Every structure is written in structure tokens, then in C-alpha cells.
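# Structural characterization, general
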Amino acid sequence: MRLLIKNIQTLAGIVPADKLRLCGAEMGAAATIDGAYLVAEDGVIADFGPMAQLPAELVADTEIDAQGRVVYPAFCDSHSHIVYAGSREGEFRDKIAGMTYEEVAARGGGILNSADRLAEATEQELYEAASRRAWRMVRSGAATIEIKSGYGLTTESELKMLRVIKRLAQELPITVKATFLGAHAVGRAFKGRQEEYVDHVCGEMIPAVAAEGLAEFVDVFCDRGFFTPEQTAKILECGKRYGLRPKIHANELASSGGVQVGIAYGALSVDHLEEATEQDVADLAASDTIPTVLPGASFFSNLPFAPARMMIDKGLSVAIASDCNPGSSPSGNMQLLWSLGCIKMRLTPEEALSALTINGAAALGLSADRGAISCGRRADLVISKPVPSLAYIPYSFGEDLVERVIVKGKTIYYNE
């Protein structure tokens with residue numbers, strides 16, 4: 001099947017086929033073509049260029065006229081928590097009144113609140129709610145979503161979450177990747193016995209997850225008040241023995257040592273980094289680990305924004321992800337993240353787009369076949385509504401500017 005998109009006002013996110021991530025200044029230098037066409041064959045980008053070079057004899061099964069529209073790679077959200085039961089607007093009120101994230105958690109709220117609710121929910125209820133959230137993300141331009149467990153905190157509930165994520169991967173027309181995050185907090189049954197809980201994660205949870213093939217990655221919340229670098233290392237080491245690639249929650253609340261333990265264990269990414277120091281940035285620059293920043297969490301939870309500008313200026317490959325979850329970042333709107341990356345992190349529109357696409361794909365080990373416009377990569381694309389320029393999309397924050405989402409050359413969402 002052949003797809004032709006013609007008369008594209010601006011084709012953005014063009015990257016050489018052998019590039020797996022964009023570093024530093026490269027993030028703002030991805031090529032664009034004004035007045036362009038793009039051809040996809042059987043779901044893969046086969047050709048693109050200026051309209052003047054469109055072969056006159058080309059015949060397509062599907063033809064889209066993108067006059068006045070921007071076409072760019074679909075977003076790759078490399079950090080989300082969209083499988084959960086119920087919302088937490090009561091804690092929203094508490095935070096407005098001045099309570100901190102840690103204070104909410106210390107009184108038994110936060111993650112433990114979600115774990116209590118999830119234990120009572122059925123897999124079908126969780127699936128239906130998560131599917132609705134995933135489709136909201138698709139409508140904002142996402143075609144690849146990573147989803148973490150971590151609201152179970154018991155073996156039974158963690159497996160329940162991961163089975164729901166597996167079903168989402170099977171039934172949605174997008175790519176869904178699963179991450180085991182049993183070490184998101186200490187389960188209520190292990191209150192005051194954190195080391196025993198770590199042993200439980202390693203001795204029971206990880207083997208059970210691996211036995212059913214339910215996750216590709218293992219993650220740990222390595223931060224003040226949660227898990228120490230030593231406990232994190234123990235869990236990552238165990239996960240690696242069972243074939244789970246490490247990812248890390250680090251430095252959301254303090255410079256925790258999570259960056260360093262993540263690097264030491266070959267983590268594909270370290271995520272959050274609101275409290276990253278210059279030393280953390282230097283250590284990341286000397287590694288292959290991708291810093292993933294979560295501006296939605298900073299905005300909603302009134303936290304500092306991760307120093308993404310400094311990271312790019314130091315030559316790092318920065319990714320942006322949603323952290324969509326019920327407590328600290330309840331939005332999965334990828335267009336809003338594009339705006340926040342520009343407005344609050346001082347990234348250019350082009351840099352933020354690279355962070356949301358090719359570098360987001362790289363943070364999942366998927367950038368060889370998606371996240372950029374290049375021949376041989378998947379035709380996972382977004383076509384905007386009519387706009388004056390690429391920069392207008394993040395500039396016009398809060399406005400829905402996605403007209404069409406295409407996955408493997410086929411339209412899965414069209415906003416007439």
C-alpha cells in the first residue's frame with residue numbers, strides 16, 4: 001500500500017537514517033523542507049522531498065493534500081503511568097493548600113493511595129480506563145507510549161497492571177512498551193521494613209514478571225524518601241539477570257545518586273531530573289544514558305523544571321515525556337509538553353520536537369525505526385491543522401492543532 005502526502009507546507013524532523021539520537025546542537029538542526037511531499041510504502045517512509053521533485057508518474061493508494069499544514073514525526077512518550085484506578089483531586093487540593101509531595105506520601109497518600117484503589121479494580125476496569133487515556137494521548141499526536149506498573153506494590157497487583165499493559169499493546173494500533181516499577185514505593189504490608197520489601201521485589205516480583213514475559217524494562221524510584229542508590233542497584237542487578245533493561249526515576253526531590261547508579265547499570269534513561277546538579281549533567285554527558293525530562297510534572301506539582309537547556313548546551317541527548325499519572329502529572333497532552341519545553345525550559349521549537357520524537361524513541365531503544373523523517377523509518381506521522389509555521393504549534397499552547405495521526409502509513413485518528 002502506498003501513501004502520498006503532497007503540498008506539505010513544512011515537513012519537519014528530517015534526520016539521516018543512521019542517526020539514532022540527536023545530541024546538543026543537533027537537536028535544533030533537524031532539517032525541514034517547505035513545499036514538500038512524502039511517500040510511504042507498506043508503512044515505511046520510502047521517499048520525500050520538494051514538490052518540484054515529486055515523480056509525475058507516481059500513483060498512490062491513498063493521497064492526502066496537506067496544503068497549509070506541517071507534517072512531523074509522531075511523538076514517542078517514553079515515560080507514563082496511565083494504568084491506574086481513580087483520580088486524586090483531593091490531593092490536588094492539599095497541594096494547593098501547601099502540602100509537599102513528600103508530606104502527602106508520608107501520611108499514606110500519593111502512590112499508596114493509588115495502590116489501594118488499584119487492588120480493588122478489575123483488569124477490565126483498568127483496561128477500559130487506560131485505553132481511554134491512551135487514545136487521548138494519540139489524539140495529541142503520540143504513536144508510541146511506554147507504560148509503567150508501580151501502583152500495585154504487591155505481586156498480584158503488579159502482575160495485574162502488567163497484564164493490562166500487555167493487552168493495550170495487543171489491541172491498540174500504536175506501540176506500547178511495558179516497564180516493571182514494583183519499587184515505586186514500599187507496599188503497605190512492608191511498612192517500616194523497606195529492605196524486606198526490596199528483597200520481595202527481587203525474590204518474588206521480578207521472577208514472576210519475567211516468567212510471564214510482561215515487561216521489557218525495570219525501573220526504580222531512587223530519590224529522597226523512597227529507595228536508596230544501594231537498594232536501587234540491587235533491584236537493577238536482579239532485573240538485568242532476568243533480561244529487564246534498567247530505567248531510573250531520579251532526582252525529582254533531591255540529588256539522590258540515582259543518576260550515577262543508573263549510569264553504572266547501563267540504564268537506557270534516567271527520568272525526572274528536576275534537581276539535577278552540574279555534576280549529574282557532566283556524568284550523563286560522559287555516558288550513553290539519556291536524560292528524560294518531565295515538564296508536565298514540574299508544572300502540575302510546582303517543582304523546579306529540569307535543566308534541559310543546560311543539558312543541551314553541554315551536548316546531551318534530551319528526551320521529553322509526559323509522566324502522565326493521577327498524582328503529579330495527570331495530563332498526557334503531547335502538544336502541551338511541546339509548549340512547556342519551549343516556555344519553561346527555554347528550548348527552541350525544533351529542539352523540543354526532537355526531544356519528543358527521535359530522542360523519546362531512543363529512550364525506548366526504538367529510534368532505528370521511528371521518531372524521525374528518513375527513508376526506512378516507520379511512517380508514524382502527525383499532520384497539523386492549517387498553521388502559519390512549525391513554531392506556531394508550541395506557541396499556541398492549549399490549542400488542539402492535530403488534524404491527523406498516521407501509524408505505519410495508515411490514519412488512526414482524523415479530526416475533521
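See the structure shown above.
Described in the following lines is the structure provided in the data block. (Residues numbered from 1 in each chain as written. Predicted model: local features only at pLDDT ≥ 70, side-chain atom pairs only at ≥ 80, totals over all residues. Heavy atoms only, no water.)

It is worth spelling out the pairing of strand β10 (residues 245-250) at this point. Within β10, 5 of the 6 residues are buried, which leaves it mostly tucked inside the rest of the structure. As paired strands, strand β9 (residues 217-222) and β10 are joined by 6 bridges and run parallel to one another. Along β10, the bridge assignment pairs Phe-217 with Arg-245. Each parallel crossover has a hand, and the one from β9 via helix α7 (residues 229-241) to β10 is right-handed. After leaving β10, the chain enters helix α8 (residues 258-264) and then returns to the sheet as strand β11 (residues 269-272), a path that is right-handed. (Buried < 20%, exposed > 50% of the residue type's maximum accessible area, 1.4 Å probe, protein only. Helix = DSSP H or I, 4+ residues; strand = E, 2+ residues; numbered from the N terminus. Pairing = 2+ DSSP bridges. Right-handed = clockwise from strand over helix to strand, strands pointing away.)

This paragraph deals with the sheet that holds β10. What the 8 strands build is an open sheet, ordered β6-β7-β8-β9-β10-β11-β12-β13; its pairing is parallel. Both edges of this open sheet fall to β6 (75-77) and β13 (319-320), since each of them pairs with a single strand only. Note: strand β12 (residues 290-293) against β13, 2 bridges, orientation parallel. Bridge pairing in β13 links Thr-292 to Ala-319. The sheet strands contacting helix α5 (residues 155-171) are β7 (142-148) and β8 (175-183), and the helix crosses β8 at an angle near 170°. (Contact = heavy atoms within 4.5 Å. Axes fitted to C-alpha atoms, helices over the stretch in contact; angles between N-to-C directions.)

A separate point is the pattern of salt bridges. Under the definition given, this model contains 17 salt bridges. Linking Arg-378 and Asp-380 is a salt bridge whose minimum nitrogen-to-oxygen distance equals 3.0 Å. Comparing Arg-378 with Asp-380, the two get one shared label, buried. Ionic contacts of the salt-bridge type, sharing partners, join the residues Glu-123, Arg-163 and Glu-212 into one network. (Salt bridge = Lys/Arg side-chain N within 4 Å of Asp/Glu carboxyl O.)

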